[in-house]
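An overview of the molecular structure
Residues per chain, in single letters:
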Amino acid sequence: MSDHIHREESYSFNRHTLEYIQHAAEHGLYDIRGLGAKRKLPTFDDLVFLTASASRYPLEGYREKCVSKTVLGTRFAKKPIELETPVTIAGMSFGSLSASVKEALGRAATEIGTSTTTGDGGMTPEERQSSKTLVYQCLPSRYGFNPDDLRKANAIELVIGQGAKPGGGGMLLGQKVSERVAGMRTLPAGIDQRSACRHPDWTGPDDLTIKINELREITDWQVPIYVKMGATRVREDVKLAVKAGADVVVIDGMQGGTAATQQCFIEHAGIPTLAALPLAVQALEEMDVFGTVQLIISGGIRSGADVAKALALGADAVAIGQAVLMALGCNSSSYCQDGERVDATDDYAKLGTAPGYCHHCHTGRCPVGITTQLPELEARMTPEWGAKRLKNYLQVLTMELTTLARACGKSNVHHLEREDLVALTIEAAAMAKVPLAGTNWIPGQT
Amino acid sequence: MDHVIQLDLGRLTVRELNNYLHHELPNVGHVSNVPGSSGHIGNVPHVEILNPNGMHSIAVGLDAPSEIDIRGHAGYFIAGMNKQAHITVHGNVGWSVAENIMSGTVRVKGCASECAGASGHGGLLVIEGDASSRCGISMKGCDIVVGGSVGHMSAFMAQAGTLVVCGDAGPNLGDSLYEATIYVAGKIHSFGADAQEEPMTAADVARVADLLTKSGITRDPKLFKRVASKRSLYHWHSDAGQEY
C-alpha cells in the first residue's frame, strides 16, 4: 500500500471529529462556548445588488439625501420607536457583558440615534441613563424583571428564543456570576446559572396573546411590544406572534451569537438568517400586515451591505450583537490603555486560543475586557473608548447602507426591494427567493 | 363613614379600569376600614370591582397603597406585577395570578389555575383553595401560602422566598430549586431534581406560623415538612447527566 492510503484522513472521522469524541470521552460533559455558528452557511454574501444603469438611474452618491429614519411599533403602541438608522443593537445581558460595555453600547446608540436592548439580567442604571432608546427584554428567566424598569422602557421585547439556541435557555457560568450580577438575578454568587427556556407564566400562543395584553395594560398601551424568536419554523412562528398582537417581530437566524451555550446548539439548531428572512416576510404578507407589523432580522449581520440586503428582502431593521462586540475589540490582538495599544495575545493563549479564533466569552476571562466581570479585565475597555469605536462602526454601516440604496436609485433605504437583488449560488437563490444571477430562475418557484 | 369606589366591568373596559387604578386611584384620599376582605386594614382607598366575569389582566401593574376587592371569578394574570396594593379576588382565578408580584398582598378566596405567583419578587400571595401546577414557579422572594394542594412542578426553579402548602403537593415538587424554601403539610407525590426533605428547625416552625397568621389560615405549623435544594446542581459536573 502507498503512503497515500496509509495517511488518508477519514471524512466522517476527521481530526476535528476525533478531537470531539476524545474530549467527550475524557470529560463526560458537552462543550460550552460563546459567539455563533462557525460552520460555512449561505449568507448575504451570496447576494449582490443590481445597481442602477441605463434601465434605472441612481441618486448622486455624495449629494442627494437618502433617508434612513426607521419607525418601529406602529401597530398598537401610542409611542412607536423612532430611530435615525435601521441598525439596532441586540439584547445582550449585563452579566455576559460588563457594566462598562453596556454603558458604551448605550452611549454609542444614543449618539447615532438608534436603540439598545437589555438582556437576561435586568436593566442597569448605567444602561438606562446612557441609552436614549432602550428596549427592555422580558425573558423566561425574568431575572431582575420589575414594573419600575418596565415603565422606564421605550419598548418591550418578549423573548421566546434566540438564534444561537432556539429552544434552549440561557447560561452564565459561575465565574461571571459576581456579587452584583447575582444580586440582580436573585441567585447565589458564583453558581453556574441555568436560565429557563420557557416563560414561567404562559406556554402556548393563546397564552402569549393574553401575556402581551397584560404587558400593554401595565404600561398603559404606550410602548411597542416586540416578540423575538430564534429562526426555526419561521413562517408559522411569525404568524402566531402577529396573531398574539406583536407590534414588531424579531427573527434571529442561526448565526446569532450567545455568551454561552452548548456547541451542539450553536452549530446544529435553527436555520440561516438568509433563509429565515424571506419566510418571515412571507408570513407577514400572508397575514396582510407587511408594513403594519415591523420586522427586525438578526444573526450574523456584519456590514452595511448585509443591512441593505436585509432591507431589500423585506426587513424594517436589523439587530447586531457579535459585530458590536468586535467593534469594541473582540478577537483583537490588543486592547487600549491610556491611549496605548497593549498586546493581549498571552491572555488569549492562557485560554488555549488566539486572536481571531476566540469564543471564550463563557469563561469570563475576556482578554480585551468585554465579556467579563473581573474588574482588572473590565478596565481594559472603558465606556468612552468603546462608545467612540462603536459609534464609528454604526456610522459606517449606515453610510454603506445609504450608498448602496442611492446606487439602486432609492431616496429612502426602506425603498430597497427584492427586485434589486440576485443570488450567486443556487442555494442562496432558493433561500432568499431571488433569481440566480444571469437567469430568471428562483429554485422552487420558477 | 367608609367610601367604597365601585367600578363595574359590565360597563368599563379592562383598559379603562386599569387606567383609573394607575393614574387616578393614587390621588384618591378616601379612607377604607373594611375588615374581612384581604385582611389588610388601613388608611387607603377602597375599590370594589364588579362583574369580572373571567376577564384577564384585571388590576395589573398597581403601585399605590389601596384595598381592591374583585367580586367574582377572574381570568389570567390578575394582579400581575403588583406593588403596595392589597387585592382580594372573591372567586377563582385563571393562570398566573400575581405573577411577578413585588409587594403588597394578593388573596384568592377560591382556587387558582397554573403558575400562581410566578416569578414573584416580594409580597404575599394567599390562595385559600387549591393551586394548580407550577405554583410558585421561578419565584424570587415572594411568599405564597396555599390553603389546599398544589399541582405538579410547583416551585420549579424557585430562587428565593417561601411556598407554604397546607394540603398535598403533586409530582416533581421543587425541581431545580435554588434558595427558596417549601413547606408542605400533606403528602408529597415526588421531588424534582435537586429537591429534598430536610428536618424542620424551630426557625422553620416560626416562619410557617408567621405566614399562616398573615394569611389567616389556621393550621398547626409543626405538621409541615421542609423541602429545600440539595445544591448539587449549582456547579456543572458530569455525574448530573440528565439533570442538566
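The model shown is predicted, which means the values in this text are computed figures rather than measured ones.

Some words on the overall build of chain B
Of the regular secondary structure elements, chain B holds two helices and 11 strands. When its C-alpha atoms are laid out on the principal axes, chain B stretches across 60 × 35 × 25 Å. Burial status across chain B gives 56% buried among its 244 residues. By sequence separation, contacts in chain B at least 24 residues apart represent 27% of the contacts at least 6 residues apart.

Comments concerning the sheet that holds strand β3 (residues 67–71) of chain B
Residue and element names in this part refer to chain B. Across the sheet, which stays open at both edges, the 11 strands sit in the order β1-β2-β3-β4-β5-β6-β7-β8-β9-β11-β10 with mixed pairing between neighbours. Both edges of this open sheet fall to β1 (4–8) and β10 (195–198), since each of them pairs with a single strand only. Ignoring which end each strand starts from, the neighbouring axes of this sheet average 15 degrees apart. Taken together, the four bridges between β10 and strand β11 (residues 225–229) define a ladder with antiparallel strand orientation. Bridge pairing in β11 places A195 opposite S229.

Some remarks on the nonpolar core
Across soluble globular proteins, nonpolar side chains have a tendency to be buried as a group. Judged by nonpolar contacts, the single largest core of 207 residues is most densely connected at A246(A), V249(A), A280(A), V318(A) and A59(B). No other element matches the eight residues that helix α10 (residues 273–286) of chain A contributes to this core. Each of domain 1 (1–110) and domain 2 (112–231) of chain B contributes no fewer than three residues to this core. In contact with V318(A), other than residues within four places in its own chain, are P86(A), V87(A), T88(A), I296(A), I297(A), S298(A), I301(A), V307(A) and A310(A).

Notes on the interface of chain A and chain B
Opposite the 25 residues of chain A that make contact, chain B presents 37 residues. Per element, the largest residue contribution to the side of chain A that touches chain B is six residues, and it comes from helix α7 (residues 205–218) of chain A. Considered class by class, the residues forming the side of chain A that touches chain B number 12 nonpolar, six polar and seven charged.

Focus: the domain arrangement of chain B
All names here are of chain B. With domains assigned, chain B is organised as domain 1 (1–110) and domain 2 (112–231). On a C-alpha basis, the centroid separation for the pair domain 1 and domain 2 is 24 Å. Taken residue by residue, the interface counts 20 residues in domain 1 and 20 residues in domain 2. In the side of domain 1 that touches domain 2, the residues fall into eight nonpolar, nine polar and three charged.

Focus: helix α8 (residues 234–244) of chain A
An α-helix turns once per 3.6 residues; consequently, residues spaced three or four apart project the same way. Counted residue by residue, α8(A) has eight buried out of 11 residues, so it is predominantly covered. Taken together, the buried residues of α8(A) touch α7, β11 (225–230), β12 (248–252) and α10 of chain A.

Brief notes about the sheet that holds strand β8 (residues 155–159) of chain A
Residues and elements named next belong to chain A. Read from one edge to the other, the open sheet built from eight strands follows the order β5-β15-β14-β12-β11-β8-β7-β6, with strand pairing classed as parallel. Strand pairing shows two members of the sheet lacking a second neighbour, β5 (87–89) and β6 (116–117), which therefore form its edges. The pairing of strand β7 (residues 134–138) with β8 spans four bridges and is parallel. Each residue of the ladder has a partner; that of C138, found in β8, is L158. Docked against the sheet, α10 engages β12 and β14 (294–298), running at close to 170 degrees with respect to β14.

Examining helix α2 (residues 15–27) of chain A
Residues and elements named next belong to chain A. Taking 1.5 Å per residue as the helical rise, α2 with its 13 residues ought to reach 18 Å, and the 18 Å between its terminal C-alpha atoms agrees with that figure. Burial analysis of α2 places just zero of its 13 residues in the buried class, which makes it a mostly uncovered element. Note on α2: the residue one or two positions beyond its end, G28, has a positive phi of about 75 degrees.

Quick notes on the packing of helix α3 (residues 99–112) of chain A against helix α15 (residues 383–407) of chain A
All names here are of chain A. Contact geometry for α3 and α15: axes closest at 8 Å, N-to-C directions at 45 degrees. Between α3 and α15, the crossing angle belongs to the class labelled oblique. The way α3 lies across α15 gives a crossing that is right-handed. On the side of α3, the interface is formed by S100, V101, E103, A104, L105, R107, A108, E111 and I112, while α15 contributes P383, G386, A387, L390, K391, L394 and Q395. The class makeup of the residues in the contact of α3 with α15 is nine nonpolar, three polar and four charged.

Describing the environment of L215(A)
Residues and elements named next belong to chain A. Note on placement: L215 falls in helix α7. A residue is classified by how many C-beta atoms lie within 10 Å of it, and L215, with 22 of them, is buried. Separated by 132 residues in sequence, L215 and D347 have C-alpha atoms that sit 45 Å apart.

What about unusual backbone geometry?
Residues and elements named next belong to chain A. Phi is positive for T186, which is not a glycine, with a value near 55 degrees. Secondary-structure assignment places T186 in the loop between α6 (179–185) and β10 (193–194). Given 22 C-beta atoms within 10 Å, T186 falls into the buried group.

A short note on the packing of α7(A) against α8(A)
Residues and elements named next belong to chain A. For the pair α7 and α8, interaxial distance at closest approach is 8 Å and the crossing angle is 40 degrees. Here α7 is positioned oblique relative to α8, judged by the angle of their axes. α7 and α8 meet at a crossing whose hand is right-handed. Side by side, α7 and α8 meet where P205, L208, T209 and I212 of the first sit next to L240, K243 and A244 of the second.

Rules behind the numbers
Residues numbered from 1 in each chain as written. Chains lettered and ligands numbered in written order. Predicted model: local features only at pLDDT ≥ 70, side-chain atom pairs only at ≥ 80, totals over all residues. Helix = DSSP H or I, 4+ residues; strand = E, 2+ residues; numbered from the N terminus. Buried ≥ 20, exposed ≤ 12 C-beta atoms within 10 Å, placed from the backbone. Contact = placed C-beta atoms within 7 Å. Pairing = 2+ DSSP bridges. Axes fitted to C-alpha atoms, helices over the stretch in contact; angles between N-to-C directions. Core = buried A, V, L, I, M, F, W, Y, C linked by C-beta atoms within 7 Å. Domains from an automatic or database assignment. Nonpolar A, V, L, I, M, F, W, Y, C, P; charged D, E, K, R; others polar. Expected span 1.5 Å × (residues − 1). Parallel < 35°, antiparallel > 145°, perpendicular 65-115°, else oblique. Left-handed = near helix turned anticlockwise from the far one by under 90°.

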